[in-house]
2 protein chains.
Amino acid sequence: MNFMEKLDRAVRRNGSLVCVGLDPAMNKLPECLRRRPDAIYEFNRRLVDATKDLVCAYKPQAAYYAGQDCDEALKSTVKYIKANAPEIPVILDVKRGDIGSTAEWYAKEAFERYGADAVTVNPYMGYDAVKPFLEYTDKGVIILCRTSNPHSGDLQNLVADGKPLYVHVAELVRDKWNGGGNAALVVGATYPEELRELRRLCPELPFLVPGVGAQGGDVEKVVKFGCRADGTGIIVNSSRGIIYASGGEDFAEAAAAAAGKLRDEINACR
Amino acid sequence: MNFMEKLDRAVRRNGSLVCVGLDPAMNKLPECLRRRPDAIYEFNRRLVDATKDLVCAYKPQAAYYAGQDCDEALKSTVKYIKANAPEIPVILDVKRGDIGSTAEWYAKEAFERYGADAVTVNPYMGYDAVKPFLEYTDKGVIILCRTSNPHSGDLQNLVADGKPLYVHVAELVRDKWNGGGNAALVVGATYPEELRELRRLCPELPFLVPGVGAQGGDVEKVVKFGCRADGTGIIVNSSRGIIYASGGEDFAEAAAAAAGKLRDEINACR
């Protein structure tokens, strides 16, 4: 089953468009876990157990594992999800982008070393930087378009030929890069008007939408502007708002409650 | 000593603008090394021993280590360079770019986990994606501008306000992002006219210039168009053309010969 089918089934199974960002920082973990040698893996494992019936995807952010020198915790986490929540796809958030011969190694990293179902990539270097990922046609390739961060407009809003850069990216993906049907876009929740414009331009492409929760995106606008006509087509990621819902021993239950609440808020607007 | 000073000293010490890309793929290593458990590290170690008096920098490409699940070989290689060629700076080629809170972890990865002197980053997400790297003011931050790959123009050549995107990046770096004096640009050898234009626009910024050798960039044009008025200011990277100069037991001597030849070719044009 390819990523798009797996995602679609998870959305229907759990009635959810919520993605949980597994972005564990050691200094923010519940006290009860910090002394364990496997603290990060254990944190993720319990989050997965508590939320697997409430979400449509998990999205580990590779930087947390890379920056804390705990790649093994990332590998074990993906393995755990595959074994214990096999219906939920894993999006590895890496935002890689490099010349073709190098991008092949990054594709291997994401899909073979870590076993991710989908990956985020950066379009700045053009088609040959994205192609080695797209060639894994059973995997999803989610291309940065309009990102959620404050300065995302520095380049993305520059207007060329009457269209902002992020629209050029969306059109390249829609018209040229998606021959395998496995591409999607990253569109931040913090820019709802752009989300609306991009959905109009790309009626079918799935959007990964980060930026609700800690970054302040508005759930109602995200759903109203981002969903496809069939009420799906967005993967709404929340990381900090879910995984740190409680800093105590009840962190997993609190995460489940926060994920369920976000799912319900989204579904009320669909 | 910060990266820019270290680079400048290495250039003068070795009379060289050559950077060796340490991009080892197991299936391309000399037969005599492949069966060793530490093959990749040993390959790099012998390359460093053979070339350390001929180059101004080393540039390991992180994807090769990530894709082959050998992060330890990367760590040991950087450590080996620091111990045995301490005058030569290490540029970790990672091309990361993410929201600020995430980019902090990638900066930790490059500068603290691996101990790199400089890093490459992707500007697509704007200032806050680059800032956590720039804040390490003793480290170099080399921002993708005009990359060497065939499809780099897909986005980079789009013209906004009368200027291609890569010129916007160069001007942002020159005028706004370089408060710490530790920024540089990636400008591919395969686009010499753009290199000339960028040197005219940015008379002082150092340029990392990949794309000579396997990618086909012209050395004479790179030097003529890329150098600052003082005959420095470019870091000319070659990976495959040096590290695979011979596939036999003499690979290190052959790499030294290739690095020396490239150094001399460059110097003849300075």
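Remember, predicted model here, so these are calculated numbers, not experimental data.

### Quick look at the sheet that holds strand β2 (residues 57-60) of chain A
Residues and elements named next belong to chain A.
So, step 1. In space, the eight strands of this open sheet follow the order β2-β1-β10-β9-β8-β5-β4-β3, with parallel pairing throughout. Taken across any chain shown, the strands that pair with only one partner, and hence form the sheet edges, are β2 and β3 (91-96). For this sheet, the mean angle separating the axes of adjacent strands, direction not counted, is 30°.
So, step 2. Relative to strand β10 (residues 234-238), strand β1 (residues 18-22) is paired through three bridges, and the arrangement is parallel. Bridged to Val-20 within β10 is Ser-238.

### Considering helix α11 (residues 219-226) of chain A
Turn by turn, an α-helix covers 3.6 residues, leaving residues three or four places apart pointing in a common direction.
Residue and element names in this part refer to chain A.
So, step 1. Taken residue by residue, α11 has Val-219, Val-222, Val-223, Phe-225 and Gly-226 as its buried positions.
So, step 2. Where α11 is buried, its residues contact α10 (192-201), β9 (207-209), β10 and α13 (251-269).
So, step 3. The backbone nitrogen of Glu-220 lies 2.9 Å from a side-chain oxygen of the residue at the head of α11, namely Asp-218.

### A look at unusual backbone geometry
So, step 1. The phi dihedral of Lys-95 of chain A is positive, around 50°, even though this residue is not glycine.
So, step 2. Checked against the element boundaries, Lys-95 of chain A lands in strand β3.
So, step 3. Of the residues examined, Lys-95 of chain A reaches a relative accessible area of 8% and is grouped as buried.
So, step 4. Not every positive phi belongs to a glycine, and Asp-161 of chain B is a case in point at roughly 50°.

### Observations concerning the relation of the copies chain A and chain B
So, step 1. Mapping chain A onto chain B is achieved by rotating through 180° and translating by 0.0 Å along the same axis, at an RMSD of 0.0 Å. One copy is carried onto the other by what is essentially a two-fold rotation axis. Minimal C-alpha distance to the rotation axis in chain A is attained by Ala-160 of chain A, lying at 2.2 Å.
So, step 2. Take the interface residues of chain A: 100% of them recur as interface residues in chain B, which is what a same-surface contact looks like.

### What to know about the packing of aromatic side chains
So, step 1. This model, assessed by the stated rule, comprises 14 aromatic pairs over all chains.
So, step 2. Here Tyr-64 of chain A and Trp-105 of chain B contribute two aromatic rings whose centre-to-centre distance is 5.5 Å and whose plane-to-plane angle is 40°, an arrangement assigned as tilted. Taken as a pair, Tyr-64 of chain A in helix α4 (residues 62-67) and Trp-105 of chain B in helix α6 (residues 100-113) lie in two separate chains rather than in one.
So, step 3. The class for Tyr-64 of chain A is buried, based on a relative accessible area of 7%.

### Regarding the interface of chain A and chain B
So, step 1. Each side of the interface is counted separately: chain A has 56 residues, and chain B has 56 residues.
So, step 2. Here chain A is connected to chain B by eight salt bridges.
So, step 3. Among the ionic pairs, Arg-113 of chain A bridges to Asp-69 of chain B, the shortest N-O distance being 3.1 Å.
So, step 4. Counting across the interface, chain A meets chain B through 28 residue pairs in polar contact (both at pLDDT 80 or more).
So, step 5. Counting residues per element, the side of chain A that touches chain B draws most heavily on helix α6 (residues 100-113) of chain A, which supplies seven residues.
So, step 6. Here the residues of the side of chain A that touches chain B are counted per class, giving 26 nonpolar, 16 polar and 14 charged.

### Notes on the packing of helix α9 (residues 165-177) of chain B against helix α10 (residues 192-201) of chain B
Residue and element names in this part refer to chain B.
So, step 1. With their axes 10 Å apart at the nearest point, α9 and α10 run at an angle of 30° to one another. As the angle between them shows, α9 and α10 are arranged roughly parallel. At the point where α9 passes α10, the crossing takes the right-handed sense. Side by side, α9 and α10 meet where Tyr-166, Val-167, Ala-170, Glu-171 and Arg-174 of the first sit next to Glu-194, Glu-197, Leu-198 and Leu-201 of the second.

### Examining the sheet that holds strand β9 (residues 207-209) of chain B
Residue and element names in this part refer to chain B.
So, step 1. A sheet is described by the order of its strands in space; here eight strands give the open sequence β2-β1-β10-β9-β8-β5-β4-β3, paired in parallel fashion. Where the open sheet ends on each side, the last strands, each with one partner, are β2 (57-60) and β3 (91-96). Ignoring strand direction, the axes of neighbouring strands in this sheet form an average angle of 30°.
So, step 2. Judged from the two bridges that link them, strand β8 (residues 183-187) and β9 form a sheet pairing that is parallel. If you follow Val-186 over to β9, its bridge partner there is Leu-208.

### Considering the pairing of strand β5 (residues 140-146) of chain B
Residues and elements named next belong to chain B.
So, step 1. Burial analysis of β5 places seven of its seven residues in the buried class, which makes it a mostly covered element.
So, step 2. Looking at chain direction, strand β4 (residues 118-121) and β5 are connected through four bridges and run parallel. Within β5, the position partnered with Val-121 by the bridge is Ile-143.
So, step 3. Each parallel crossover has a hand, and for β4 linked through helix α7 (residues 127-134) to β5 it is right-handed.

### Some points on the state of the cysteines
All names here are of chain A.
So, step 1. All chains considered together, the criterion is met by zero disulfides over all chains.
So, step 2. Summary of cysteine pairing: Cys-19 is not part of a disulfide, and the nearest cysteine sulfur, belonging to Cys-56, is at 6.2 Å.
So, step 3. For Cys-19, a relative accessible area of 0% corresponds to the buried category.

### Observations concerning the pairing of β8 of chain B
All names here are of chain B.
So, step 1. In terms of residue burial, β8 counts as a mostly covered element, since five of its five residues are buried.
So, step 2. Pairing geometry for β5 and β8, over five bridges, is parallel. Looking at the pairing, Ile-142 lines up with Ala-184 of β8.

### Some details on the packing of helix α11 (residues 219-226) of chain B against helix α13 (residues 251-269) of chain B
Residue and element names in this part refer to chain B.
So, step 1. Remark: α11 packs on α13, axes separated minimally by 9 Å, with the N-to-C direction vectors making an angle of 50°. If you check the angle between α11 and α13, you find them oblique. Pair α11 / α13 crosses with right-handed handedness. Facing Val-219, Glu-220 and Val-223 of α11, the residues of α13 in contact are Leu-262, Glu-265, Ile-266 and Cys-269.
So, step 2. Classifying every residue of the contact of α11 with α13 by side-chain character gives five nonpolar, no polar and two charged.

Reading the values: rules and limits
- Every residue gets a number counted from 1 within its own chain, in the order that chain's sequence is written.
- All chains are assigned letters beginning with A, and all ligands numbers beginning with 1, in the order in which they are written.
- Per-residue local features of the predicted model are confined to residues with pLDDT of at least 70, and side-chain atom pairs are confined, for both listing and counting, to 80 or more; whole-chain, interface and lining totals are unaffected and use all residues.
- Only heavy atoms go into the side-chain values, all of them from the structure, while hydrogens and water stay out.
- A pair of strands is labelled paired if DSSP reports no fewer than 2 bridges between them.
- Under the scheme used here, helices are H or I runs from DSSP no shorter than 4 residues and strands are E runs no shorter than 2 residues, and both carry numbers assigned from the N terminus.
- To obtain an axis, a line is fitted to C-alpha atoms, over the contacting stretch when the element is a helix, and the angle between two such axes runs from 0 to 180 degrees between their N-to-C directions.
- Three exposure classes are used, based on accessible area relative to the maximum for each residue type with a 1.4 Å probe and protein chains only: buried under 20%, partly exposed in between, and exposed over 50%.
- Residue contacts are defined here by distance: any two heavy atoms, one from each residue, within 4.5 Å place the two residues in contact.
- Polar contacts, as used here, are pairs of N or O atoms within 3.5 Å; protein pairs need one atom able to donate a hydrogen and one able to accept it. Residues neighboring in sequence count only if both atoms are side-chain atoms.
- Each copy is superposed on the other by least squares, with the fit set by C-alpha atoms of residues at a pLDDT of at least 70 in both.
- Here the aromatic set is Phe, Tyr and Trp, taking the six-membered ring for Trp, and pairing holds for ring centres within 6.5 Å; pairs whose planes are under 30 degrees apart are stacked, those over 60 apart are edge-to-face, and all others are tilted.
- Put simply, a salt bridge is a Lys or Arg side-chain nitrogen that is within 4 Å of an Asp or Glu carboxyl oxygen.
- By the convention adopted, Pro, Cys, Tyr, Trp, Phe, Met, Ile, Leu, Val and Ala count as nonpolar, Lys, Arg, Asp and Glu as charged, and the other residues, Gly among them, as polar.
- Comment on the angle field: the value is read as roughly parallel under 35 degrees, roughly antiparallel over 145, roughly perpendicular from 65 to 115, and oblique elsewhere.
- Helix crossings get a hand from a simple test, with the near helix turned counterclockwise from the far one by less than a right angle marking a left-handed crossing and a clockwise turn marking a right-handed one.
- Here the term right-handed applies to a crossover when the path leading from its first strand over the helix to its second strand runs clockwise, the strands being oriented away from the viewer.
- What counts as a disulfide here is a pair of cysteine sulfur atoms lying within 2.5 Å.

Nothing here speaks to function; it is all geometry.
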